[in-house]
Amino acid sequence: MRFRVLFLYVFLLAIPASQQATSQSRSQEFHHIRPRLILQITVDQLRSDLVWRYEDRFGEGGFRRLIDGGTVYLDAHHGHANTETIVGHTTLSTGADPSAHGMIGNVWLDRATGTLRYNIEDARYPILTAGAGVDQATELDPTQRAARSDGRSPSAIQVSTFSDEFRLFYGKESKVFAVSVKDRGAVSMAGHMGKAFWFSKQKGEFVTSKYYYDEYPGWVVEHNDGRPAEAFSNITWDLLHDRATYRFRDQDDRPYETSLPGFGRIFPHEFGDSDGKYFTTFLTLSPAGDQMTADFARAILTNEHLGEDEIPDYLSVSFSSTDYVGHIFGPSSLEAEDNILQLDKTLAGLFDFIDETIGLQNTLIILSADHGGPEAPGYLTELGFDTDYIHPDEFDRAPAIEALKKQFGIGDELITTYYHPYLYLNRDLIAARGLDQGEVESAIAAEVTKFDGVAVAISSTALTEGLVPGYPILKAVLRNFSPSRSGDIYVVFEPNRFINDFDGLNVAATHGSPWRYDTHVPLMMAGPGIRSQFVSRHVETVDLARTLSLLIGAKVPSGAVGKPLVEVFRTP
Ligand SMILES: [Zn+2]
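So, here's what we can say about the structure. (Residues numbered from 1 in each chain as written. Predicted model: local features only at pLDDT ≥ 70, side-chain atom pairs only at ≥ 80, totals over all residues. Heavy atoms only, no water.)

Some thoughts on the overall build of the protein
Secondary structure assignment for the protein yields 22 helices and 21 strands. Here the C-alpha atoms of the protein give a radius of gyration of 25 Å, agreeing with the 25 Å that 2.2 N^0.38 yields for 572 residues. For the protein, the C-alpha atoms occupy an extent of roughly 75 × 70 × 50 Å along the three principal directions. A burial count over the protein gives 58% of its 572 residues as buried. Of the contacts made within the protein by residues no fewer than 6 positions apart, 75% connect residues no fewer than 24 positions apart. (Helix = DSSP H or I, 4+ residues; strand = E, 2+ residues; numbered from the N terminus. Rg over C-alpha atoms; globule rule 2.2 N^0.38 Å. Buried < 20%, exposed > 50% of the residue type's maximum accessible area, 1.4 Å probe, protein only. Contact = heavy atoms within 4.5 Å.)

A short note on the coordination of the zinc ion
Coordination sphere of the zinc ion, protein contribution only: Asp323 (OD), Asp323 (OD), His327 (NE2) and His511 (NE2), at 2.1 to 2.5 Å. Bound by four donor atoms, the zinc ion shows angles of 54 to 152° at the metal and therefore irregular coordination geometry. Sequence spacing of the donor residues for the zinc ion, all on one chain, is D-x3-H-x183-H. Here Asp323 pairs with His327, and both are found in helix 13 (residues 321–329), just four residues apart, close to one helical turn. Assigned by exposure class, Asp323 and His327 land together as buried. (Donors = N, O, S within 2.8 Å, 3.2 Å for Na, K, Ca; no water. Tetrahedral: all angles 85-135°; square planar, octahedral: opposite > 155°, others 65-115°.)

A word on the sheet that holds strand 6 (residues 195–200)
Two pairing modes exist for strands in a sheet, parallel and antiparallel, and in both the strands are linked by backbone hydrogen bonds. Reading across the sheet, the nine strands line up as 7-6-5-10-1-11-20-2-21 and stay open at both edges, with mixed pairing between neighbours. The sheet terminates laterally at strand 7 (205–207) and strand 21 (533–540), the two strands that pair on one side only. Averaged over all neighbouring strand pairs, the angle between strand axes comes to 20°, with direction disregarded. As defined by bridge partners, strand 6 adjoins strand 7 across three bridges and the pair is classed as antiparallel. The partner of Trp198 across the bridge, within strand 7, is Val207. (Pairing = 2+ DSSP bridges. Axes fitted to C-alpha atoms, helices over the stretch in contact; angles between N-to-C directions.)

Looking at the pattern of salt bridges
In total, this model carries 29 salt bridges according to the counting rule given. Note that Glu382 is salt-bridged to Arg254, the shortest N-O span being 2.7 Å. Here Glu382, found in helix 15 (residues 377–382), pairs with Arg254, found in the loop between strand 8 (236–237) and strand 9 (269–270); they are 128 residues apart in sequence, far enough to count as distant. Of the charged contacts, one joins Asp412 and Lys405 as a salt bridge, the two residues approaching to 3.0 Å between their closest N and O atoms. Connected through salt bridges with shared partners, the residues Arg47, Asp49, Arg53 and Glu375 form a single ionic network. (Salt bridge = Lys/Arg side-chain N within 4 Å of Asp/Glu carboxyl O.)

A few points about helix 16 (residues 399–408)
Among all positions in helix 16, only Ile401, Leu404, Lys405 and Phe408 are buried. Down the axis, helix 16 shows its buried residues gathered within 105° of arc, on one side only. Away from its buried face by more than 90 degrees, helix 16 exposes Pro399, Lys406 and Gln407. Looking at the packing, one finds that the buried side of helix 16 touches strand 13 (415–419) and helix 18 (437–449). (Arc of directions from axis to C-beta.)

Points about the side chain of Glu257
Within the secondary structure, Glu257 sits in the loop between strand 8 and strand 9. No salt bridge forms around the buried Glu257; measuring N to O, its nearest opposite-charge neighbour Arg265 is 5.3 Å away. Residues in contact with Glu257, not counting those within four places in the same chain, are Gln251, Asp252, Arg265, Ile328, Phe329, Ser333, Glu335 and Ala508. (Lys, Arg positive; Asp, Glu negative; His and termini not counted.)

Description of the sheet that holds strand 14 (residues 422–425)
Taken in spatial order, the four strands line up as 13-14-16-15 in an open sheet, and their pairing is antiparallel. Two strands lie at the open edges of the sheet, namely strand 13 and strand 15 (454–459), each paired on one side alone. Put simply, the sheet's adjacent strands are angled 20° from each other on average, direction ignored. Alignment of strand 14 against strand 16 (residues 489–493), held across two bridges, turns out to be antiparallel. Bridge pairing in strand 16 places Leu423 opposite Ile489.

Quick word on the nonpolar core
Among the nonpolar cores identified, the biggest contains 140 residues, and Leu39, Ile41, Leu46, Phe63, Phe271, Leu315 and Met525 are the most heavily contacted of them. Here this core gets nine residues from one element, more than from any other, and that element is helix 14 (residues 334–357). The contact partners of Leu46, leaving out residues within four places of it in the chain, are Val51, Phe63, Thr322, Ile340, Leu367, Ala369, His371, His520, Val521 and Pro522. One finds Leu414, Val440, Ala445 and Phe493 within the second-largest nonpolar core, a separate group that totals 24 residues. (Core = buried A, V, L, I, M, F, W, Y, C linked by side-chain atoms within 4.5 Å.)

Digging into the packing of helix 5 (residues 85–94) against helix 22 (residues 542–552)
Interaxial distance between helix 5 and helix 22 falls to 5 Å at its minimum, and their mutual angle equals 30°. Relative to helix 22, helix 5 is oriented roughly parallel. Every residue of helix 22 that contacts helix 5 at Thr91, Leu92, Ser93 and Thr94 is listed here: Val542, Leu544 and Ala545. For the contact of helix 5 with helix 22, a count of residues per class yields four nonpolar, three polar and no charged. (Parallel < 35°, antiparallel > 145°, perpendicular 65-115°, else oblique. Nonpolar A, V, L, I, M, F, W, Y, C, P; charged D, E, K, R; others polar.)

Quick word on the pairing of strand 11 (residues 363–368)
In terms of burial, strand 11 is a largely internal element, six of the six residues being buried. Residues of strand 11 alternate between two faces, with Thr363, Ile365 and Leu367 on one and Leu364, Ile366 and Ser368 on the opposite face, all of them buried. Direction of pairing for strand 11 relative to strand 20 (residues 520–526): antiparallel, over a ladder of four bridges. Residue pairing in the sheet places Ser368 in a bridge with Leu523 of strand 20.

Let's talk about the environment of His520
Residue position: His520 is located in strand 20. C-alpha separation for the pair His520 and His269, spaced 251 residues apart in sequence, amounts to 30 Å. In contact with His520, other than residues within four places in its own chain, are Leu46, Arg47, Ser48, Leu74, Asp75, Ala76, His77 and Gly372. Of the polar contacts made by the side chain of His520, one reaches the backbone oxygen of Leu74; its length is 2.8 Å. (Polar contact = N/O pair within 3.5 Å; in protein donor to acceptor, adjacent residues only side chain to side chain.)

As for unusual backbone geometry
In the segment running from Phe267 into Pro268, the intervening peptide bond is cis, with an omega of -10°. Topologically, Pro268 is positioned in the loop between strand 8 and strand 9. Look at the link from His420 to Pro421: it is a cis peptide, with omega at 0°. Unusually for a residue other than glycine, Gln45 sits at a positive phi of about 65°. Secondary-structure assignment places Gln45 in the loop between strand 1 (37–43) and helix 3 (48–53). Its identity as a non-glycine residue notwithstanding, His305 has a phi of 55°, on the positive side. Tracing the chain through its elements places His305 in the loop between helix 12 (287–303) and strand 10 (313–319). Since its relative accessible area comes to 41%, His305 is described here as partly exposed.

Here's what the structure looks like:
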């Protein structure tokens, strides 16, 4: 024992005095933060540069509160390949890669049933309001249309979220809520133990499922009785400011923008009468969707008494309008420009409300995005940038694939389906013919890689057996790989190559690639103990949940792989 003490003494002497002082002062001065409220904001499809493009047009109380008063990461990226909504949200909430959290896409083929499944669908937990589920006939969101029931739960999310760890750390009295227009924008963030609410286009009100409640809390009934959507009946979406102040003032009427009947592609956009077939859909593709979401967030704060006592609470608000507006009009459109300025105002309203009730000095605010997005191909073409469209449904009939089918002695049944981003092969038939699954995948992948507009097609078997080199794109594909859910071949298109078809609807722009325009997102944090600074080093969205856990002292979410964002750990 004496020897060990002596050894330690000698060892300490070997450390320069300056370093000893540093480690001592750190252990004495670091404080875990304990805000009354953690407010996590996710803006769907907010590519990083869109913040900076309009920075000087923002008011004082919205984005500027985070930009001026918080830690701002300039080079934050998603590290997985399939940059879609559920994938990005769940990565932000869990700090895990899709390979661990299991949300590998908005939709995947369920091998057990042979049918497509929507990420968070769960028939065991129907929506509490009858008839509030997706109407297959009028729904524009193709991923929603893959769902076979209106039931929703987080049960397919395979790891814990930060919000789960938050609740486990502070105990049952601590409250966790999430709201979004999109079900997947709320369920992913509420985790397994919080409460999620989302907007039903069918009903024009906010709903939840049996997973969360047996019946609605009284205040939700009251909120919905106020008919939140009807306030927009027979009014129009107008520009917030004088048209002359807009960068895209002369570019409202572009041929590549989607012109939905009744809504059109130029200002003002009419919502129409509240009993119109697409009335609530139009609200979601305008700033109205975000305004209704913020109103509901205020109702949660008030009625659930969030941030009122010493026990911290968590609220996630995911704003969906930026995504829908980006899809329909493109991120460089007058609509997208106005939408972000309106979002800034909506954020300011929410922050002001929290300041008056809980106090922003007691609130940790985080803002990021589930993915970025490309420029509309039509806009790129206009500027002289080469783009093209890909038709993966036609891969199956390409001569090279037909030749492989002959070689393997399998006909049209060889490729079961393409659903972004995977080709699914008929594994049973391949096995029945005595063929090697990996060899068949590799042969098809090699041919698909040669197709116009395809950067690389990657066999899942080769990927998991380490048979492909570690290029960044391939790493992103591997981080997206779940053995039980991923398809057999991941197809990466070349940059600025797109699928035009949003399930029957031609849209202006579609994200979902591993290229930087889809991965680059804002990442900002402001609140008690967080200093004002810009950070230029490359960070990843998986870093966030781990950092939040470490900041409050909780254990990190079960699948978290990110690294701590060291810049937000302040010593006073
Ligand atoms: Zn989207």
